[in-house]
Amino acid sequence: MVTGKVVVITGASGGIGATLARQLAESGNRVVVAARREAELRAVAAPYGENARVVVADVRHRADVERIRDEALAAYGHVDVWVNNAGRGISKRVLDLTEHDFHEIMDVNVLSAILGMQAIVPHFQERGEGHLINVSSFLGRVPLATFRSAYNAAKAALNALTANLRMDLAREYPNIHVTLVMPGPVATEFAANSLGARPTAAPGVPLDRTPGGPPSQTADEAAAAIVAVIENPTAEIFTNPAQEPMARAYVQDIAAFEARLRGG
């Protein structure tokens, strides 16, 4: 069980981020929760007193991200784990995207993580240890939901950036861990907060569970997988055991996999 760590979590006002903060705080860790929604953040932090700090911030802006780091250091003296969890979806196919759509999704899902990495990794380098976790998506690996096009592209970019940072740090800083976490469908308010019209499989039936995709998880299940990787760091994890064989099958024969998805 992870205990005694200082963990910063962005996108912590709801969903996986809020659930992760609760799980960690309840097991004796100190958490710094950051997001734009102050009331929701304070509700997450309230039960844990001095072991939870709230930072209202927009992680698309460098000054805000650096303020998250600085307030964490002021409160607890150091940071053990930084979780880049902020993200937002969009329900538009490739040919329907506008320039604004694309920039918005890239800023929330990719730029925010870059700023987080640049803010905290120098602190880890000074300490000679630390753990950076980037929360991506299974959709960044496998095109199960084409209506999430820009979101999927953003997560694919995050996957590459995470791997590159891990390689850059590995030789000189073996005790700095860099982990990519890939949830699949998770039962949160994420879909309701996505940009664009909410696609449906049939009139009135939301596509929260993509046909042919892995089964939906609860936020508790996805957060528990992140807690487990904090305890035993590794390069990347799928939060749902059904995801990894699907990702392997996709890479082994992309054309055949996509034909099966199309029903061909």
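Residues numbered from 1 in each chain as written. Predicted model: local features only at pLDDT ≥ 70, side-chain atom pairs only at ≥ 80, totals over all residues. Heavy atoms only, no water.

S.K.: I'd like to hear about the packing of helix H4 (residues 99-127) against helix H5 (residues 149-170), residue by residue, with values.
M.R.: One way to put it is that H4 packs onto H5 with a least axis distance of 9 Å and a crossing angle of 15°. The orientation of H4 relative to H5 falls into the category roughly parallel. By crossing handedness, the relation of H4 to H5 is classed as right-handed. On H5, the residues that touch Phe102, Ile105, Met106, Asn109, Val110, Ala113, Ile114, Met117, Val121 and Gln125 of H4 are Ala150, Tyr151, Ala153, Ala154, Lys155, Ala157, Leu158, Leu161, Leu165 and Leu169. (Axes fitted to C-alpha atoms, helices over the stretch in contact; angles between N-to-C directions. Helix = DSSP H or I, 4+ residues; strand = E, 2+ residues; numbered from the N terminus. Parallel < 35°, antiparallel > 145°, perpendicular 65-115°, else oblique. Left-handed = near helix turned anticlockwise from the far one by under 90°. Contact = heavy atoms within 4.5 Å.)

S.K.: How would you sum up the pairing of strand E5 (residues 130-135)? Please name residues and give values.
M.R.: Across the six residues that make up E5, a large majority, six, are buried. Residues of E5 alternate between two faces, with Gly130, Leu132 and Asn134 on one and His131, Ile133 and Val135 on the opposite face, all of them buried. Bridge count between strand E4 (residues 81-84) and E5: four bridges; the pairing is parallel. Bridging across to E5, Asn84 finds its partner in Asn134. One crossover worth recording links E4 to the parallel E5 by way of H4, and it is right-handed. By the bridge criterion, six bridges tie E5 to strand E6 (residues 176-182) in an arrangement that is parallel. Bridged to Val135 within E6 is Val181. (Buried < 20%, exposed > 50% of the residue type's maximum accessible area, 1.4 Å probe, protein only. Pairing = 2+ DSSP bridges. Right-handed = clockwise from strand over helix to strand, strands pointing away.)

S.K.: Got a sec to walk through the sheet that holds E4? Specific residues and values, please.
M.R.: The strand order across the open sheet formed by seven strands is E3-E2-E1-E4-E5-E6-E11, and the pairing between neighbours is parallel. Both outer strands of the open sheet, strand E3 (52-56) and strand E11 (236-238), are each paired with one neighbouring strand and no more. Looking at each pair of strands side by side, their axes are set apart by 15° on average, direction ignored. Alignment of E6 against E11, held across three bridges, turns out to be parallel. Residue pairing in the sheet places Val181 in a bridge with Ile237 of E11. Packed on one face of the sheet, helix H2 (residues 38-45) meets strand E2 (30-35) and E3 and runs near 175° to E3. Of the strands in this sheet, E5 and E6 are in contact with H5, which crosses E6 at around 160°.

S.K.: So, the nonpolar core: which residues are in play, and what are the values?
M.R.: In this structure, Ile9, Leu20, Leu24, Val33, Val83, Ile133 and Ile226 are the most contacted members of the largest nonpolar core, which totals 34 residues. Contributions of two or more residues to this core are made by strand E1 (6-10), helix H1 (15-26), E2, H2, E3, E4, E5 and helix H6 (219-231). Examining the composition of this core, we find that eight residues originate from one element, H6, more than from any other. (Core = buried A, V, L, I, M, F, W, Y, C linked by side-chain atoms within 4.5 Å.)

S.K.: So, the environment of Arg42: which residues are in play, and what are the values?
M.R.: Note that Arg42 resides in helix H2. Separated by 10 residues in the primary sequence, Arg42 and Ala52 place their C-alpha atoms 9.3 Å from one another.

S.K.: Report on the side chain of Thr19, specifying residues and quantitative values.
M.R.: Note on placement: Thr19 falls in helix H1. Judged by its relative accessible area of 12%, Thr19 is buried. Aside from chain neighbours lying at most four places away, what touches Thr19 is Ala219, Asp220 and Ala223.

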